[in-house]
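Listed here are the chains, written in short residue letters.
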Amino acid sequence: MTMQKVILKQGKEKSVLQRHPWVFSGAIATVDADDGAMVPLCSYDGTVIAWGYYNSRTQIAMRLLTFSDRKPDDDLIARRLMNAYALRVASGVVNSTNAFRMVHSEGDMLPGLIADWYNGHCVVQFLTSGMDRLKETIVQIIQEKLQPLSIYERSEHEGRKMEGLPSIHAQLYGQTPDFIAINEHGMEFLVDVIKGQKTGFYCDQRDNRVLIQSIAKGKNVLNLFAYSGGFSIAALMGGATKAVSVDSSGYALSIAQKNCELNNVAKRHVGVKADVFEYINTNDIPQNVIICDPPALIKSRSSIQQGLRGYKELNVKIFKKAPPLSFVLTCSCSRFVDMKLFQKIVFSAARDANREVTITGKYLQPADHPVSIYCPETEYLKAIMVFIS
Ligand code: SAH
């Protein structure tokens, strides 16, 4: 049997030589590979220039793991996992929290793998069929080297359907409790790994929660798209007089309420179950610190224009209604919007709202969500803090 491989069209190797881990289907000349198989990628003259896994069903036809003729083996996967863990330790993330993203897909050179660590419990997500094939190896390495209390699989990303994979919820090792109590910067949060959103908690907003905490003293806070109340609790612990959390999920708000009780700030907290778009249409905004952290409003290239309108609409409304001398932390977690474009949206919202708006800071995702310099698409979270006078 000849070895399976993928051959690029003539002149299409540039991005690979620059270590970009994605190969689009349009760049490929010939394929002899099964979906999910780890295969060499050749330039048109037949030289092996990289290795990665293939899928005929997706526009990103290959995701690359090495940029040489070295075939990725279990040792390489183990080394990458350990390097990822070492980064979380070396960067100091583990000093302030026991909940962090341990593996950030392409950002840790393990495309298609997400692993989150919640106070000793591990939650994994296999986003692609190539990574799915490595599941057993990965779970074994995590189990042996990191000795978690449990491992839970939440592979139910929308992309899995496109990859030809089913949604999977499964206990892979040990017993994951219904709620895991985590501690982030001295705040306690309950994480529902099994029924919560994504893997249960938004670790990526950790640094921004500290930011909100630092300006919250004596302020009145509106937390839009609040989920389990992270920003509200940070603000209240920082001395905010009151925080209102708005979310469309009653279940998320019930966890937010529990989290407030856990941190002894429940008396100053109000949860409102509502669609944020409707809420800001029909309610005044008396608060002088406002956080707007919507889910990704752009999920694919084809919905960019519509999503951009969504971001703008939200920000126009907030800027119009915010009282003088207020702070707004406005966020986007869509990877189709970079900081430059997001700032443009915020600019056009400020202009349309006809307010005096200044930027006091711009923030990206924290170190446990590393950005691959070769794959700028791994930078997804943007937050801009503005002051409205
Ligand atoms: N800021 C949060 C994370 C927000 S995730 C944190 O730091 O933990 C996005 C949240 O928006 C989810 O909780 C989801 O339930 C909620 N959501 C999505 N669409 C919504 C809408 N139209 N109105 C209100 N909430 C919405």
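Just so it is clear, the structure is predicted and the values come from calculations on it, not from any experiment.

Let us look at helix α2 (residues 74–90). Here α2 is 17 residues long and its end C-alpha atoms lie 24 Å apart, about the 24 Å a rise of 1.5 Å per residue gives. Taken together, the buried positions of α2 are occupied by L76, I77, A78, R80, L81, A84 and R88. Two residues or fewer past α2, G92 is found with a positive phi of approximately 90°.

Our focus in this paragraph is the pattern of salt bridges. Following the criterion strictly, the structure yields 14 salt bridges and no others. Put simply, R209 and E184 hold a salt bridge, and the shortest N to O gap is 2.8 Å. One end of the pair, R209, is in helix α7 (residues 206–215); the other, E184, is in strand β12 (residues 180–184), and 25 residues separate them in sequence. Judged by relative accessible area, E184 falls into the buried class, the value being 0%. Salt bridges sharing partners connect three or more residues here, namely D132, K135, E153 and R160.

Looking at the ligand, there are 16 residues lining it, with Q197, R209, D247, V276 and D293 nearest. Within the side chain of R209, one N or O atom sits 3.0 Å away from an oxygen atom of the ligand. Contact distances for the ligand include 3.3 Å between a nitrogen atom and a side-chain N or O atom of D275. Protein chains shield 90% of the accessible area of the ligand, which is 590 Å² for the free molecule. Its residues assigned to classes, the shell around the ligand comprises 8 nonpolar, 4 polar and 4 charged.

Conventions used here
Going along each chain's sequence as written, the residues are numbered from 1 onward. With pLDDT at 70 or above as the cut-off, local features in this predicted model cover only qualifying residues; side-chain atom pairs require 80 or more to be listed or tallied, and sums for whole chains, interfaces and linings still use all residues. Side-chain descriptors were evaluated using all non-hydrogen atoms of the structure, hydrogens and water having been removed beforehand. Every helix listed is a DSSP run of H or I at least four residues long, and every strand listed is a run of E at least two residues long, numbered separately from the N terminus. Given a helix with a known number of residues, its expected span is that number minus one, times 1.5 Å. When accessible area is computed with a 1.4 Å probe and restricted to protein chains, residues below 20% of their type maximum are described as buried, those above 50% as exposed, and intermediate ones as partly exposed. In the sections that follow, a salt bridge refers to a side-chain nitrogen of Lys or Arg positioned within 4 Å of a carboxyl oxygen of Asp or Glu. Neighbouring residues are identified by heavy atoms, a residue being near a molecule or strand if any of them is within 4 Å of it. Whenever a nitrogen or oxygen atom comes within 3.5 Å of another N or O atom, the pair is scored as a polar contact, on the condition that within protein one atom can donate a hydrogen and the other can accept it, and that pairs from neighbouring residues in sequence are kept only if both atoms are in side chains. Only the protein chains shown count as cover for residues, and all accessible areas are computed by the Shrake-Rupley method using a 1.4 Å probe. Residue classes follow a fixed rule: Ala, Val, Leu, Ile, Met, Phe, Trp, Tyr, Cys and Pro count as nonpolar, while Asp, Glu, Lys and Arg count as charged, and any other residue, Gly among them, counts as polar.

Note that every value here comes from positions in space, so none of it alone points to a role or purpose.
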